[in-house]
Amino acid sequence: MTTLRVIVDDILLPGGGPVSRYAEDLTRALIRTAPRGSDVSGVVAASPEGDYARLRELLTGMRQLHKSALARRQLTAAWQHGFTVLPGTGMVHAPSLFAPLRRHDRSVAPGDQTVVTIHDALAWTHPELLPSRVASWTKAMGRRAERHADAVVVPSHAVADDLEGHLDLGDRVRVIGTAPATMLTVPADARARRAARGLPERYVVGVVESDAANGFVDLAATSTALGDVPIVLLASTADAAAIGAQAVTVIEDASAADRVAILAGAAVFVQPSVAAGSPAILLDALSLGLPIVATALPAIAEVTADAAILVERGDDSFALVEAIRGLLDDASAAERAGVAAADRAKAFTWRDAAEKVWQLHADL
């Protein structure tokens, strides 16, 4: 039996952000698509028993859960400096840069391989958009990946291009697209959930992440041009503080069900990114069939193809507002944009992503 050991600790990250959701959905798909004679085990930092139980429940079919003696903070420091490794040898897949990267010789142990994932190049191209600690850690682990990773998975060719000038990864980069969240189910009481939040029938929605926070500040300043259609932003408490605008409605730390209900009810989804981060939220918007207006960045264009209205980054926020207004004022155009988005979402599946990961490990 060949076992793929997946670092599942990211699933437990507070807030359930894009990397956490990616780790969960990919691991489940890896379990479902395991080739004959192969299975999946998980690796997690020392955690409360409730977290172990949660992982076993989420990852049905996982062969075993390997528990480190070190908590996440200690394990992060240890792996950053190469001080500890996993017991045994074999295939290791990390859905982020949180991985035990170390020197190894595959000519001696062919099955001893480690693959990591880099979701975006913000730490190198726009470190000012990230907390300094996050940017420093990402770049440090990127250097370890440069030296020791057998392959590096990225979600798009655009991210691969962005990394090329910062990390010498040679031919080890593999583009494997992600997919919409599998838990993206619109709750039956979605309308009531939106009403409880005081939302009107029509509104524009955005999700505040590090790559878009500055863009939303600029957009908020021109949002009065949308008339009586408000902009509603889903944000963590920390990201909400970065907006600090009165012209928009900021909903902090919404539950998963509320988040989907609010997204699904929007007339238009907007992403005014300064630099492209994780594609996860865009894929969710596509899957929900939302008309999309976004900044014309290469990574965004690659994910959305012709299923979004893209505004050049050099234009001011009024160009974004005009594009949004065009969809709000033209129901037929908005309907066509929504259909195009839903069709584009069908190009991305977790089965396809997982099968490509299995093939990647088989080819190493």
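Placed above this text is the structure.
Residues numbered from 1 in each chain as written. Predicted model: local features only at pLDDT ≥ 70, side-chain atom pairs only at ≥ 80, totals over all residues. Heavy atoms only, no water.

*Asks:* Quick question: what am I supposed to make of the sheet that holds strand β8 (residues 204–207) here?
*Replies:* Note: strands within a sheet are paired through backbone hydrogen bonds, in either parallel or antiparallel orientation. Reading across from one edge, β10-β9-β8-β11-β12-β13 is the order of the 6 strands in this open sheet, with parallel pairing throughout. In this open sheet, the two edge strands, each paired with only one partner strand, are β10 (249–252) and β13 (309–311). Shown here is a sheet whose adjacent strand axes are inclined to one another by a mean of 25°, direction ignored. The pairing of strand β9 (residues 231–235) with β10 spans 4 bridges and is parallel. Within β10, the residue paired with Leu233 across the bridge is Val250. Most of the contacts of helix α11 (residues 280–287) go to strand β11 (residues 268–271), to which it runs at about 165°, and overall it touches β8, β11 and β12 (292–295). (Pairing = 2+ DSSP bridges. Helix = DSSP H or I, 4+ residues; strand = E, 2+ residues; numbered from the N terminus. Axes fitted to C-alpha atoms, helices over the stretch in contact; angles between N-to-C directions. Contact = heavy atoms within 4.5 Å.)

*Asks:* What is the right way to read the pairing of β12 from this model?
*Replies:* Consecutive residues of a regular strand have side chains that alternate between opposite faces of the sheet. In this structure, β11 lies alongside β12, joined through 3 bridges in parallel fashion. Counted as the bridge partner of Phe269 is Ile292 from β12. For the crossover that starts at β11, traverses α11 and ends in the parallel β12, the hand is right-handed. For β12 and β13, the ladder comprises 3 bridges, and the chain directions are parallel. Bridge pairing in β13 links Thr295 to Val311. (Right-handed = clockwise from strand over helix to strand, strands pointing away.)

*Asks:* In this structure, what is going on with the environment of Thr249? I would like to understand it.
*Replies:* Among the secondary structure elements, Thr249 is positioned in strand β10. Thr249 sits in the partly exposed class, given a relative accessible area of 34%. Between the C-alpha atom of Thr249 and that of Ala77, which follows or precedes it by 172 residues, the distance is 38 Å. Ignoring any residue separated from it by four or fewer positions in sequence, one finds Thr249 in contact with Ile231, Val232 and Leu233. (Buried < 20%, exposed > 50% of the residue type's maximum accessible area, 1.4 Å probe, protein only.)

*Asks:* Help me out: how do you make sense of the sheet that holds strand β4 (residues 91–93) in this one?
*Replies:* Spatially, the 7 strands line up as an open sheet ordered β3-β2-β1-β4-β5-β6-β7, and their pairing is parallel. Strands at the two margins of the open sheet, each flanked by one partner only, are β3 (65–71) and β7 (173–175). Averaged over all adjacent pairs, the angle separating strand axes in this sheet is 25°, with direction ignored. As paired elements, β4 and strand β5 (residues 113–117) share 3 bridges and run parallel to each other. When the bridges of β5 are listed, His93 appears paired with Val115. Sheet contacts for helix α2 (residues 49–58): β2 (38–46) and β3; angle to β3, the most-contacted strand, approximately 150°.

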